[in-house]
Amino acid sequence: MHPMLRKAIEASRLAGEAIRHYANQVQKLDVENKAHNDFVTKVDREAENIVVRLLQRAYPDHAFFGEETGKQGPDSDYEWVIDPLDGTTNFLYGIPQFSVSVALKYKGRLSVGVVYDPLRDETFAAARGEGATLNGRRIRVSERSSMHNALLGTGIPFRPNQNLDLYLQTLKVLIPDTAGIRRPGSAALDLAYVASGRFDGFWELGLNEWDIAAGVLLVQEAGGLISDLHGNNTHMNTGNVLAANPKVFKEMLKRLHPVMQKY
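Criteria and cut-off values
Residues numbered from 1 in each chain as written. Predicted model: local features only at pLDDT ≥ 70, side-chain atom pairs only at ≥ 80, totals over all residues. Heavy atoms only, no water. UniProt positions renumbered as here; feature names shortened; annotations may be inferred. Pairing = 2+ DSSP bridges. Helix = DSSP H or I, 4+ residues; strand = E, 2+ residues; numbered from the N terminus. Axes fitted to C-alpha atoms, helices over the stretch in contact; angles between N-to-C directions. Buried < 20%, exposed > 50% of the residue type's maximum accessible area, 1.4 Å probe, protein only. Salt bridge = Lys/Arg side-chain N within 4 Å of Asp/Glu carboxyl O. Phe/Tyr/Trp six-rings, centres within 6.5 Å; stacked < 30°, edge-to-face > 60°. Patch = residues over 30% accessible without salt bridge, like charges linked within 9 Å, V, L, I, M, F, W, Y side chains within 5 Å. Areas by Shrake-Rupley, 256 points an atom, 1.4 Å probe, with all protein chains shown as cover. pLDDT = per-residue confidence, 0-100. Contact = heavy atoms within 4.5 Å. 1 Å grid on protein atoms, 1.4 Å probe; cavity = no way out; pocket = protein on both sides within 12 Å on 5 of 7 lines; lining within 4 Å. Points joined across faces, edges and corners; volume = space filled by probe spheres on them. Nonpolar A, V, L, I, M, F, W, Y, C, P; charged D, E, K, R; others polar.

- As recorded by an unreviewed UniProt entry, the chain carries the name Inositol-1-monophosphatase and is attributed to Candidatus Thiothrix anitrata.
- Its UniProt record gives the chain a comment under Sequence similarities (unreviewed entry), which states: "Belongs to the inositol monophosphatase superfamily."
- The record in UniProt for the chain states the following under Catalytic activity (unreviewed entry): "a myo-inositol phosphate + H2O = myo-inositol + phosphate".

Focus on the sheet that holds strand 8 (residues 122-127)
Next up, step 1: Pairing is mixed in the open sheet, where eight strands are placed in the order 4-3-5-6-7-8-9-10. Across the chains shown, the open sheet's two edge strands, defined by having one partner strand only, are strand 4 (70-72) and strand 10 (137-139). On average, each strand axis in the sheet is inclined to that of its neighbour by 20°, with strand direction left out of account.
Next up, step 2: Strand direction decides the pairing type here: strand 5 (residues 78-86) and strand 6 (residues 99-106), joined by seven bridges, are antiparallel. Bridging across to strand 6, Tyr78 finds its partner in Tyr106.

Quick look at the environment of Val219
Next up, step 1: Mapped onto the elements, Val219 comes out in helix 6 (residues 209-221).
Next up, step 2: Expressed as a C-alpha distance, the spacing of Val219 and Gly197, which sit 22 residues apart in the sequence, is 9.7 Å.

Digging into the pairing of strand 13 (residues 201-204)
Here is the key point about a regular strand: its side chains alternate between the two faces of the sheet.
Next up, step 1: Neither face of strand 13 is exposed, since Gly201 and Trp203 on one face and Phe202 and Glu204 on the opposite face are all buried.
Next up, step 2: With three bridges joining them, strand 11 (residues 151-154) and strand 13 adopt parallel strand pairing. From the neighbouring strand, Leu152 faces strand 13, where its bridge partner is Gly201.

Remarks on the pattern of salt bridges
Next up, step 1: A full pass over the atoms with the stated rule returns nine salt bridges.
Next up, step 2: Here Glu122 makes a salt bridge to Arg198, at a shortest N to O gap of 2.9 Å. Pair noted here: Glu122 is in strand 8 and Arg198 is in the loop between helix 5 (187-195) and strand 13, with a separation of 76 residues, a long-range link.
Next up, step 3: Overall, the relative accessible area of 13% leaves Glu122 in the buried class.
Next up, step 4: Members of the salt-bridge network, linked through shared partners, are Lys71, Glu79, Lys105 and Glu209.

Looking at the packing of aromatic side chains
Next up, step 1: This structure, assessed with the given rule, holds seven aromatic pairs.
Next up, step 2: Their ring planes at 25° and their centres at 6.1 Å tell us that Tyr59 and Trp80 sit as a pair that is stacked. Placement of the pair is Tyr59 in the loop between helix 2 (42-58) and strand 3 (63-66) and Trp80 in strand 5, with a sequence separation of 21 residues. Taken as a pair, Tyr59 and Trp80 share a single burial class, namely buried.

Describing a nonpolar patch on the surface
Next up, step 1: On the surface, a nonpolar cluster with roughly 240 Å² of combined accessible area is contributed by Ile156, Leu164 and Leu168.
Next up, step 2: Along the polypeptide, Leu168 turns up in helix 4 (residues 164-174).

A short note on the confidence of the model for the chain
Next up, step 1: On average, residues of the chain score 94 in pLDDT, and 95% of them are at 70 or above.
Next up, step 2: Element-level mean pLDDT values for the chain span from 52 in strand 2 (residues 38-40) up to 99 in helix 5.

Considerations on helix 5
Next up, step 1: Counting buried residues along helix 5, nine of its nine residues qualify, which places the element largely inside the surrounding structure.
Next up, step 2: Taken from the residues just after helix 5, Gly197 is the one with a positive phi, measuring 85°.

Some details on the sheet that holds strand 12 (residues 180-182)
Next up, step 1: Taken in spatial order, the five strands of this open sheet run 12-11-13-15-14, and their pairing is mixed. A strand with exactly one partner marks an edge of an open sheet, and here the two such strands are strand 12 and strand 14 (225-227). Across this sheet, the average inter-strand angle for adjacent strands is 15°, counted without regard to direction.
Next up, step 2: For strand 13 and strand 15 (residues 241-244), the ladder comprises four bridges, and the chain directions are antiparallel. The residue of strand 15 that forms the bridge with Phe202 is Ala243.
Next up, step 3: Across the sheet, helix 4 touches strand 11, strand 12 and strand 13, and the angle it forms with strand 13 is around 160°.

Some thoughts on the layout of surface pockets
Next up, step 1: By volume, the second largest pocket amounts to about 240 Å³.
Next up, step 2: Taken together, 13 residues make up the lining of the second largest pocket; nearest its centre are Gly108, Leu110, Asn233, His235 and Met236.
Next up, step 3: Mapped onto the lining of the second largest pocket, the elements with two or more residues apiece are strand 7 (109-117), helix 6 and helix 7 (235-238).
Next up, step 4: For the lining of the second largest pocket, a count of residues per class yields three nonpolar, six polar and four charged.

Below, the structure is given as structure tokens:
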């Protein structure tokens, strides 16, 4: 195993232990609003500190970009991108769908990615060129050959600055003939589910880099395709994401094309 992937798994699992510790004490937590409908607790901060401290000890010359602490560390070709608790709202409401996401970029290119589900004890992991795994077993995207009976994951815009009208148009064209749409609430896990074949495809608008970095590599290393909703390679910057197995990906893009021409 890639040594930095091994360290990322260790950090993710330690953060997950802290999250599990607080899972039954949510009512005692102080909750802050970073922005409208954007919550943060001491659990988010503690989990991020666990990840950063462990990785800084191992790699003191690396840079870090965390959801809660922002940019820190020296200028470096190596940058860790961390979402310590993806799905904070689910966590606060007792919905068991959240994760720890840790990714490493080398010279701007994703090289390592881990998404850890602490409640199910599932570790999705990937290193560039080495494939993707779930708890050490190789995973691949689904083999579904069309949108017929495809199961798709998504995220629904809920903040004032998000384009709900655009999203509803994408929903309208992607629903027909599928097995349904799911909105679980953790984009990192949604992408991990595409990588492992649980979802045939996924799309969402306006995500952050820390939400998707690890999941992007998981999808790619599991044989899937990922882009923005135009089919371009801007998803890491725009946060507009489309991911699927190759055949479903092609059909999703085809359906989205007339909608996205207007935007």
